[in-house]
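# Structural description and commentary
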Amino acid sequence: MKKIIYLTLMLIGLTAACILMGCSSSGSSDPKIENVVLEKDNKYTCTFEDVKHDFVISLPQESKNAPLIVMLHGAGDSAENFRLTSGFDNDALPKGYAVCYVSGTVNAKAGRNYSSWNYGRLEPDYNDVGFIKALVNYLVDEYSLDEDHVFCAGFSNGGFMNFRLALEAQDTFLACTSVGGDLCKTLWKERPEKNDVGMLVVFGDNDESIPKNFDGSAKTALDPAIEDVIDYMASSNGLEKQSEDEIGNGSIISKYGADSDKDIVWGVLVKDAKHAWYTEEINGISTNKLILEFFENWR
């Protein structure tokens with residue numbers, strides 16, 4: 001009897017300790033999105049690990065089980081402005097995608113309203129990978145979206161962040177897109193040997209922010225050449241180049257795949273183009289339509 005009483009008390013003590021420490025039978029839970037507040041229309045504010053963010057959600061007519069695309073702006077921009085300037089909703093919503101534009105962390109050193117993404121630099125060391133993954137979990141639950149079809153796209157600083165997500169959030173995203181971004185040298189040095197996230201890389205031949213082998217700019221750059229990064233994304237997926245074709249006004253699209261798989265890594269070199277979100281009117285190709293065509297590989 002004493003033994004039974006002793007074991008019972010011990011079990012009660014362990015349960016109480018577990019509750020105090022926040023543990024459970026399935027392990028400690030990851031940080032979650034908190035303090036979600038609707039400001040106006042479809043714009044919300046929230047916090048993650050006491051850091052404030054905002055996001056704008058756009059839903060298709062039939063939103064249940066809709067695939068989700070997360071959109072990351074460039075440095076100094078915002079979720080709301082990226083939605084307006086990219087015009088991505090006009091192309092994505094009719095195809096049944098839910099789209100969420102997200103604002104990065106405000107960098108006080110750069111300016112009061114200067115938002116950016118921690119794409120791999122050491123300072124400031126805010127947890128944007130954790131935030132984006134937590135936001136995806138929140139959106140999937142809140143709007144009953146398809147958790148098995150989640151994608152991401154970004155421009156400039158947001159494009160750099162997409163490379164980080166492709167390496168560090170493989171359990172969340174099927175495919176990522178970088179427009180005018182590259183892989184940070186810190187992550188390049190520690191890149192995993194294998195990767196199963198699809199990647200679309202779009203860059204201009206005159207984009208001075210992207211190190212390139214063909215013009216020699218990679219020789220003096222801190223980050224790796226974009227051609228080497230594309231080759232890595234393909235080889236780490238076990239893929240080889242399947243085709244190289246001309247699109248638009250002389251731009252080149254290279255597709256990497258395997259005999260038994262779809263083309264899941266694309267590289268697009270935009271001719272006579274600088275750092276921009278490319279349009280048919282100016283460049284002969286639509287970044288929006290290109291992204292959606294790429295993501296259709298998984299639908």
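The structure we're discussing is the one just above.
Presented here is an overview of the structure given in this document. (Residues numbered from 1 in each chain as written. Predicted model: local features only at pLDDT ≥ 70, side-chain atom pairs only at ≥ 80, totals over all residues. Heavy atoms only, no water.)

Those residues of helix H2 (residues 79–86) that fall on the buried side of the exposure criterion are Ala79, Phe82 and Ser86. The arc that holds the buried residues of H2, viewed along the axis, is 60°, so those residues lie on one side. Residues of H2 that are exposed and point over 90 degrees away from its buried face: Leu84 and Thr85. (Buried < 20%, exposed > 50% of the residue type's maximum accessible area, 1.4 Å probe, protein only. Helix = DSSP H or I, 4+ residues; strand = E, 2+ residues; numbered from the N terminus. Arc of directions from axis to C-beta.)

In this model, the largest pocket occupies a volume close to 420 Å³. What lines the largest pocket is a set of 18 residues, among which Asp30, Lys133, Ala134, Val136 and Asn137 lie closest to the centre. In terms of residue class, the lining of the largest pocket is made up of 8 nonpolar, 4 polar and 6 charged. By volume, the second largest pocket is sized at about 210 Å³. In this structure, the second largest pocket is lined by 13 residues; those nearest its centre are Phe203, Glu227, Ile230, Ser254 and Leu269. The set of elements that each furnish at least two residues to the lining of the second largest pocket consists of helix H7 (226–236), strand S11 (240–247), strand S12 (251–257) and strand S13 (265–270). Considered class by class, the residues forming the lining of the second largest pocket number 7 nonpolar, 2 polar and 4 charged. (1 Å grid on protein atoms, 1.4 Å probe; cavity = no way out; pocket = protein on both sides within 12 Å on 5 of 7 lines; lining within 4 Å. Points joined across faces, edges and corners; volume = space filled by probe spheres on them. Nonpolar A, V, L, I, M, F, W, Y, C, P; charged D, E, K, R; others polar.)

Closest axis-to-axis distance for the helix H5 (residues 157–168)/H7 pair is 13 Å, and the angle between their directions is 25°. Comparing the axis directions of H5 and H7 gives the class roughly parallel. Crossing handedness for the pair H5 and H7: left-handed. Seen from H5, the contacting residues are Phe163, Ala166 and Leu167; seen from H7, they are Ile226, Val229, Tyr232 and Met233. (Axes fitted to C-alpha atoms, helices over the stretch in contact; angles between N-to-C directions. Parallel < 35°, antiparallel > 145°, perpendicular 65-115°, else oblique. Left-handed = near helix turned anticlockwise from the far one by under 90°. Contact = heavy atoms within 4.5 Å.)

Moving on, we come to the sheet that holds strand S3 (residues 51–58). Strand order in this open sheet of 11 strands is S1-S2-S3-S5-S4-S8-S9-S10-S13-S12-S11, and the pairing throughout is mixed. Strand pairing shows two members of the sheet lacking a second neighbour, strand S1 (34–40) and S11, which therefore form its edges. With direction set aside, neighbouring strand axes in the sheet form an average angle of 20°. Where strand S10 (residues 198–204) meets S13, 6 bridges bridge the pair, whose relative direction is parallel. Within the sheet, the bridge partner assigned to leucine 200 lies in S13 and is tryptophan 266. The strands that helix H4 (residues 128–143) touches are S1, strand S2 (43–48), S3, strand S4 (68–72), strand S5 (98–102) and strand S8 (150–155); relative to S3, the one it contacts most, it runs at about 40°. The strands touched by H5 within the sheet are S4, S8, strand S9 (175–179) and S10, with S8 carrying the most contacts at an inclination of about 145°. (Pairing = 2+ DSSP bridges.)

Everything listed is a geometric property; what it means functionally is a separate question.
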